[in-house]
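A look at the structure
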Amino acid sequence: MKHLLKLSDLSTEEIFGILNLADQLKYERKNNIRHHHLEGKKLGMIFQKSSTRTRVSFEVGMYELGGYALFLSDRDLQIGRGEPIKDTVRVLSRYLDGIMIRTFAQQDVEDLAAYGSIPIINGLTDYCHPCQVLADLMTIREYKGSLKGLKLCFVGDGNNMANSLIVGGLKTGMEVSVACPDHYRPDADILARGFATGRLTVTSDIKAAAKDADVLYTDVWASMGQEAEKAEREKVFRSYCVDSDLLSVAKPDAMVLHCLPAHRGEEITDEVFESHATEIFDEAENRLHAQKAVLVKLLK
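The following paragraphs examine the structure supplied in this document. (Residues numbered from 1 in each chain as written. Predicted model: local features only at pLDDT ≥ 70, side-chain atom pairs only at ≥ 80, totals over all residues. Heavy atoms only, no water.)

**Some words on the overall build of the chain**
We count it as follows: The way it works is that DSSP assigns letters per residue, a run of H or I at least four long becomes a helix, a run of E at least two long becomes a strand, and they are numbered from the N terminus. For this measure, only C-alpha atoms enter the radius of gyration; the expected value for a globule follows 2.2 Å times N^0.38, where N is the number of residues. The classification of residues rests on relative accessible area computed with a 1.4 Å probe and restricted to protein chains. Under 20% of the type maximum is buried, over 50% is exposed, and intermediate values are partly exposed. The contact definition used throughout considers only heavy atoms, calling two residues in contact when any of these lie within 4.5 Å. Each accessible area is a Shrake-Rupley estimate made with a 1.4 Å probe; only the visible protein chains count as cover when residues are assessed.
Broken down by element type, the chain carries twelve helices and nine strands. Against the globule reference of 19 Å for 300 residues, the chain gives a C-alpha radius of gyration of 19 Å, in line with a compact fold. For the chain, the spread of C-alpha atoms along the principal axes amounts to about 55 × 45 × 35 Å. Classification of the 300 residues of the chain by burial places 56% in the buried group. Across the chain, contacts joining residues at least 24 apart in sequence account for 75% of those joining residues at least 6 apart. Counting only carbon and sulfur atoms, one obtains 49% of the accessible surface of the chain, whose full area is about 12,700 Å².

**Let's talk about the packing of helix α5 (residues 130–144) against helix α6 (residues 160–171)**
Heads up, the rule is: Each axis is a line fitted through C-alpha atoms, taken for helices only over the stretch in contact, and angles between the N-to-C directions span 0 to 180 degrees. If an angle is under 35 degrees, it is roughly parallel; if it is over 145, roughly antiparallel; if it lies from 65 to 115, roughly perpendicular; otherwise it is oblique. Each crossing gets its hand from how the near helix is turned against the far one by less than a right angle, where anticlockwise is left-handed and clockwise is right-handed. Residues are grouped as follows: Ala, Val, Leu, Ile, Met, Phe, Trp, Tyr, Cys and Pro are nonpolar; Asp, Glu, Lys and Arg are charged; all remaining types, including Gly, are polar.
Relative orientation of the contacting elements α5 and α6 amounts to 50°, with a least axis distance of 9 Å. Taken together, the axes of α5 and α6 lie oblique to each other. Where α5 crosses over α6, the two elements pack in a sense that is right-handed. Across the interface between the two elements, P130, Q132, V133, D136 and L137 of α5 pack against M161, S164, L165 and G168 of α6. Its residues assigned to classes, the contact of α5 with α6 comprises five nonpolar, three polar and one charged.

**Overview of the nonpolar core**
Let me state the cut-off plainly: To define a nonpolar core, start from buried Ala, Val, Leu, Ile, Met, Phe, Trp, Tyr and Cys residues and group those joined through side-chain atoms within 4.5 Å.
In this structure, L4, I121 and L295 are the most contacted members of the largest nonpolar core, which totals 56 residues. Setting aside residues up to four positions removed in sequence, I121 forms contacts with L4, F58, I99, M100, I101, C131, V294, L295 and L298. Counting residues in each nonpolar core, the second largest holds 22 residues, with A179, L216, L260 and F273 among its members.

**Quick word on empty space enclosed by the protein**
Where we set the bar: Computed over the protein atoms alone on a 1 Å grid, cavities are sets of points where a 1.4 Å probe fits but cannot get out and pockets are open sets with protein on both sides within 12 Å along at least five of seven lines; a residue lines them when it has an atom within 4 Å of a point. Grid points are joined across faces, edges and corners, and a volume is the space filled by probe spheres set on the points.
Scanning the entire structure with this criterion turns up one cavity of 30 Å³ or more. Lining the largest cavity are K6, L7, S8, Y127, C128, N163, S164, V167 and I190.

**Some details on unusual backbone geometry**
Here the residue pair L260 and P261 is connected by a cis peptide bond, since its omega of 0° sits within 30 degrees of zero. Considering the arrangement of structural elements, one finds P261 in the loop between β9 (255–258) and α11 (270–275). Residues other than glycine seldom take positive phi values, yet N32 does so here, at roughly 55°. Within the secondary structure, N32 is located in the loop between α1 (12–30) and β1 (42–47). One non-glycine residue, L260, lies in positive phi territory at about 65°. Structurally, L260 is set in the loop between β9 and α11.

Keep in mind these numbers describe shape, not what the thing actually does.
Here you go:
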């Protein structure tokens, strides 16, 4: 494991290695056991998309590991003024021990890895969100004991979250179902690889997808960069809401997860959100632990 660009680059063993280390680091943190594995290491954090959880969890994570995180917006870098990303990363590789980037194009992340000489971490692109899904898998395993054989149902837009949940769920032995409108399906290549496993279903029938699910997962209908489509998407996705009626067809002990921020009354009702708030905020906390594990794996 040289980088974290997308989950499909990782083996099942590498994913579980990250999850196991994340569990250990979480235990140590809660018991005030010092773990300065990255003493003196420096992480550059490039943000072309705004963030709450990604910025704070990576910055705090590096601090707790004994390292230093440097926040770099596109306004702070020459990338914002036209410098090629391949030039930027060849400079930053001489100053830093790793880079985390949160951006739009997956190709930017791939280019950083291709032209740089230090580990690159994908903090989010329009294509995938590997850090979030590692935290999701960690949370599901905490609550359910294991991942293999569980049914994970994603409801909503076939976006970066859907893409990564399909990959992460299938690689760890889960059955994955996706409920989305026909014109908002996940990435075609990811679907093709997923269908080949025999453990992926995609349908516009929300209740069929959620039937007997162990985990219901949803995300906003319009992601960053899709603000102009918000009104149209509200019409298209109106029936794709995680509410008590949908929850009734899942398993009685089904979890509900959301990567946040949540638009209550749209993709999830306030009632369902609050009744599963402990799970959702444990999931948010686990961003810190899962990402610390990634940092240790890549930078130590």
